[in-house]
Amino acid sequence: MHLILFLFFGGICVAGAVNLLVQRHPINSALSLVVVMASLAGEYLLLGAEFVAAIQVIVYAGAIMVLFIFTIMLLNAGEEVRSKGSRVAAMLGVPGVMIAGVLIAWILLRHSNTAAVSMFALPGDPRAIARLLFRDFLLPFEVTSVLILIAIMGAVVLASKPEAVARPSAAEPAQREVRELVASGRER
Amino acid sequence: MSWTTLAHAFPILLAQAQIFAAPSGAEYMRILPELVLSVFGMIIMVVDPLLDEKRSHKSLGAIGIIGALAALASTYWMAQNPGSAFWNMVRVDGFSIFFHVLVIAIAVVAILSSYEYMAVQRIRAGEYYGLILFGTVGMCLMSSAVELVLIFIALEISSISTYILAGFRRREASSSESSLKYFLLGSFATAFFLYGVAMMFGATGSTNIDAISNALRSGGTPALAYVAMALMFIGLGFKVASAPFHIWTPDVYEGAPAPIVGLMSTGPKAAAFAVLLRVMFEINAPGRFWVIWVSAALSMTLGNVGALVQDNIKRLLAYSSIAHAGYVLVAFAAQPELGTSAVMFYTAAYAAMNVGAFAVVSHFANAGEKYLTLEDYAGLGRRSPMLAATLTFFLMSLIGIPITGGFFGKFYIFSAALKSNLIGLTVIGLVNSAVGAYYYLRVIVSMYMSEPRREVPVMPTPPAMGFAIGLCALATLYLGVLPGRVLDYATQSASQLLHGITVSGSLINYSNNPER
């Protein structure tokens, strides 16, 4: 039963991921991402990480996907234009990815000492996660706030209009200086 | 519940309280530079909206410099408290102190060389200095983290801040291109690193560097560990711009603001090399030899050959930085005891000369970064002798001519390689150095022996920029004349870092070196 469920969710997950890449309309891609997220939540549940599974549904399949879809709707993004990829990339990339995939699968299968875990056998409860997150991994947890802060600053900088950035008043003295220097250079 | 059971329970409760005790003051001292940098980054963000636009360039730059200098000073208190902190997340040892000082010094010089540049280029200063300081937090943490999860987050902080900084010339399409390209390819590379971390967890059951190293030493090497190592090398190889993960470098360097190129070709690179040293040598990564060998040989060759045909000085220096990443990787193929100190010395020497070279380039490029081709440098030797002389000095250091830091950097790397019997790699490296001399000399020849074809204005060097260039020149000269002190420190901290390896005996048997 465990194995059947695992394969079921895994199959849906991979199918959703492939569909995400194949679809041409951003909304369809976003919706297949929901499928990927939800089936991943199922896999987490099978691993006995029920808290992570719940968070996966609430945060990723819920909140983040809503943001995604809002953004797509606000941008009014249309269908993608299909572009021809470079031939070199196709010739080297496709076999390369296949070799890498087969290699990793082979190694994982050869060294599989995994067995089905019964539910609640592994510490996946909120208490264990809280202990890891707020004690052992306290520093990475706190440092992540710097990361998010930088991301916000980046959005502010890169999304602002260049015209609004260039305040002539701030740069005028320097500009005049340059102009004068150019002029004096010519006279010489 | 009776009193006796309570009495029995009390010590247990107390013990639990002990486990959950807050970190001690000494532990905060071990991340003091990071704290100082973050605080000053936030001060800049708070002060920015309060300031008049006209003055904000100078005053925000001043806060940035003060913050970076305060962080540099705070490494002293950090160094007084060696040890690990926050449940074995970071470790303060000679190695991390070395990279802290290096990375923060790079940030100081980068801010100094941006001080007037920002006004000349008419770039809004607010987030710029904040991002430099926050990015430095990431780089510092990369050098002291001994936990792959923290290393990943720190790597992201340093990378994302550089992606954004690359796009700061908002009116130039090339800058946006640079930022976007760097972001997309960089995220792709980070995914490889993260996948490698996950695989390493699968192979050893831990993400702590010491625990991984112990697991690999005692329990043999599972095949999964090789895959993990390879994936992590792809991620880090991208960050240090080593071939075959170097394609992004010229385009990104061409579009980004020149002082930022000086920063991102040295700071995040030095931090990524620090991570690579911990991952490769402290973990004693399995099967690393040929991977590094091939990547080093490719980086040196592709970088130098690519630079030969460049006319844009930023692209030329971008290819040269690929080549220099290759030289550093040579030391990674050498024995850990010899290679580590050579890598540390080289990153310091390279930082001094490259930040200096880009400071000169950014001053000379002028408003809108118009003057970047080799032709524009024609006749600079006559019109601005000091500027031309310092640039010549930095380029000579990049070639590796004596009395410059670049000479001893290369010398230590290739002598480490020779002592480890890497004859093939050393020969490739030396041939490449000779090829590299050609394109650096092309710039020098253009400056002193060509006639200018068009009018190129040369502004007098503003004070902060001049100070930054002077600092770099002094550092390059110091490393070239008196390398002993820095090298001794590097050697000491390297043996501290590799203590586990030297005690338990090298697992890789270098007498069976496949190249020999």
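Before reading further, recall that the structure is shown in the block above.
A brief look at the structure comes next. (Residues numbered from 1 in each chain as written. Chains lettered and ligands numbered in written order. Predicted model: local features only at pLDDT ≥ 70, side-chain atom pairs only at ≥ 80, totals over all residues. Heavy atoms only, no water.)

### Observations regarding the overall build of chain A
And then number 1: If you tally the helices and strands in chain A, you get eight helices and zero strands.
And then number 2: In sequence order, the secondary structure elements of chain A are arranged as α-α-α-α-α-α-α-α.
And then number 3: In chain A, buried positions account for 23% of the 188 residues.
And then number 4: Restricting to contacts in chain A with at least 6 residues of sequence separation, those with at least 24 account for 68%.
And then number 5: Here chain A has roughly 13000 Å² of accessible surface; of this, 72% comes from carbon and sulfur atoms. (Helix = DSSP H or I, 4+ residues; strand = E, 2+ residues; numbered from the N terminus. Buried < 20%, exposed > 50% of the residue type's maximum accessible area, 1.4 Å probe, protein only. Contact = heavy atoms within 4.5 Å. Areas by Shrake-Rupley, 256 points an atom, 1.4 Å probe, with all protein chains shown as cover.)

### Regarding the packing of helix α20 (residues 405-419) of chain B against helix α21 (residues 423-449) of chain B
Think of two packed helices as two axes; the pair is described by the angle between the axes and how far apart they sit.
Residues and elements named next belong to chain B.
And then number 1: The N-to-C vectors of α20 and α21 enclose an angle of 155°; their axes lie 8 Å apart at closest approach. Here α20 is positioned roughly antiparallel relative to α21, judged by the angle of their axes. α20 and α21 meet at a crossing whose hand is left-handed. Note on element contacts: α21 touches α20 through Ile423, Thr426, Gly429, Leu430 and Ser433, opposite Lys410, Phe414, Ala417 and Leu418.
And then number 2: Tallied by class, residues from the contact of α20 with α21 come to five nonpolar, three polar and one charged. (Axes fitted to C-alpha atoms, helices over the stretch in contact; angles between N-to-C directions. Parallel < 35°, antiparallel > 145°, perpendicular 65-115°, else oblique. Left-handed = near helix turned anticlockwise from the far one by under 90°. Nonpolar A, V, L, I, M, F, W, Y, C, P; charged D, E, K, R; others polar.)

### Side note on the side chain of Ser29(A)
And then number 1: In this structure, Ser29(A) sits in helix α2 (residues 26-46).
And then number 2: Ser29(A) has contacts with Leu20(A) and Gln23(A), leaving out every residue within four places of it along the chain.

### Topic: the packing of aromatic side chains
Residues and elements named next belong to chain B.
And then number 1: A complete count under the given rule lists 30 aromatic pairs over all chains for this structure.
And then number 2: Seen in terms of ring centroids, Tyr76 and Trp77 are 5.6 Å apart; in terms of plane orientation they differ by 85°. Their pairing is edge-to-face.
And then number 3: Classification of Trp77 as partly exposed rests on a relative accessible area of 44%.
And then number 4: On the numbers, 6.3 Å between centres and 50° between planes, the contact of Phe393 with Phe394 is tilted. Judged on exposure class, the residue Phe393 and its partner Phe394 are both buried. (Phe/Tyr/Trp six-rings, centres within 6.5 Å; stacked < 30°, edge-to-face > 60°.)

### Structural notes on the interface of chain B and chain A
And then number 1: In this assembly, 48 residues from chain B lie in contact with 37 residues from chain A.
And then number 2: Summing both sides of the interface, chain B and chain A together bury roughly 3900 Å²; the carbon and sulfur share of this comes to 81%.
And then number 3: When residues of chain B are sorted by the area they lose upon contact with chain A, Trp87(B), Arg122(B) and Arg170(B) head the list and together hold 17% of the total.
And then number 4: At the junction of chain B and chain A, the tally comes to zero salt bridges.
And then number 5: For the side of chain B that touches chain A, the secondary-structure elements that each account for two or more residues are α3 (32-47), α4 (53-80), α6 (117-121), α7 (126-144), α8 (148-166), α9 (173-204) and α11 (223-239) of chain B.
And then number 6: Of the residues forming the side of chain B that touches chain A, the biggest block, eight residues, is contributed by α8(B). (Buried area = accessible area lost by both parts, 1.4 Å probe. Salt bridge = Lys/Arg side-chain N within 4 Å of Asp/Glu carboxyl O.)

### Brief notes about helix α3 (residues 50-75) of chain A
Residue and element names in this part refer to chain A.
And then number 1: Between its first and last C-alpha, α3 extends 36 Å over 26 residues, near the 38 Å set by a 1.5 Å rise per residue.
And then number 2: Of all the bends found along α3, the most pronounced is centred on Met65 and spans about 30°.
And then number 3: Here α3 has its buried residues at Ala53, Gln56, Ala61, Met65 and Ile72.
And then number 4: Elements in contact with the buried residues of α3: α2.
And then number 5: Just downstream of α3, Asn76 is the residue with a positive phi angle, here 55°. (Expected span 1.5 Å × (residues − 1). Bend = angle between axes of the 7 residues up to and from the residue.)

### Quick look at the pattern of salt bridges
All names here are of chain B.
And then number 1: Per the counting criterion, the structure on display carries 14 salt bridges over all chains.
And then number 2: Salt-bridge contacts for Arg442 lead to Asp311; the nearest nitrogen and oxygen are separated by 2.9 Å. Within this pair, whereas Arg442 is found in helix α21, its partner Asp311 is found in the loop between α15 (289-308) and α16 (313-333), the two being separated by 131 residues in sequence.
And then number 3: The salt bridge involving Glu451 is made with Arg382; its shortest N-O contact spans 3.4 Å. With a gap of 69 residues between them, Glu451 in the loop between α21 and α22 (463-481) and Arg382 in helix α18 (residues 380-383) connect regions that are remote in the sequence.

### Here's the deal with the environment of Tyr478(B)
All names here are of chain B.
And then number 1: Along the polypeptide, Tyr478 turns up in helix α22.
And then number 2: Separated by 73 residues in the primary sequence, Tyr478 and Gly405 place their C-alpha atoms 7.2 Å from one another.
And then number 3: Sequence-distant contacts of Tyr478, that is, excluding residues within four places in its chain, are made with Pro483, Arg485 and Val486.

### As for α8(B)
And then number 1: Here α8(B) is 19 residues long and its end C-alpha atoms lie 26 Å apart, about the 27 Å a rise of 1.5 Å per residue gives.
And then number 2: Within α8(B), 18 of the 19 residues are buried, leaving the element largely enclosed by the surrounding structure.

### Thoughts on the side chain of Glu34(B)
All names here are of chain B.
And then number 1: In this fold, Glu34 is placed in helix α3.
And then number 2: Of the side chains with opposite charge, Arg278 comes closest to the buried, unpaired Glu34, at an N-O distance of 10 Å.
And then number 3: A distance of 2.9 Å separates polar atoms of two side chains, one belonging to Glu34 and the other to His100. (Lys, Arg positive; Asp, Glu negative; His and termini not counted. Polar contact = N/O pair within 3.5 Å; in protein donor to acceptor, adjacent residues only side chain to side chain.)

Geometry only, nothing functional implied.
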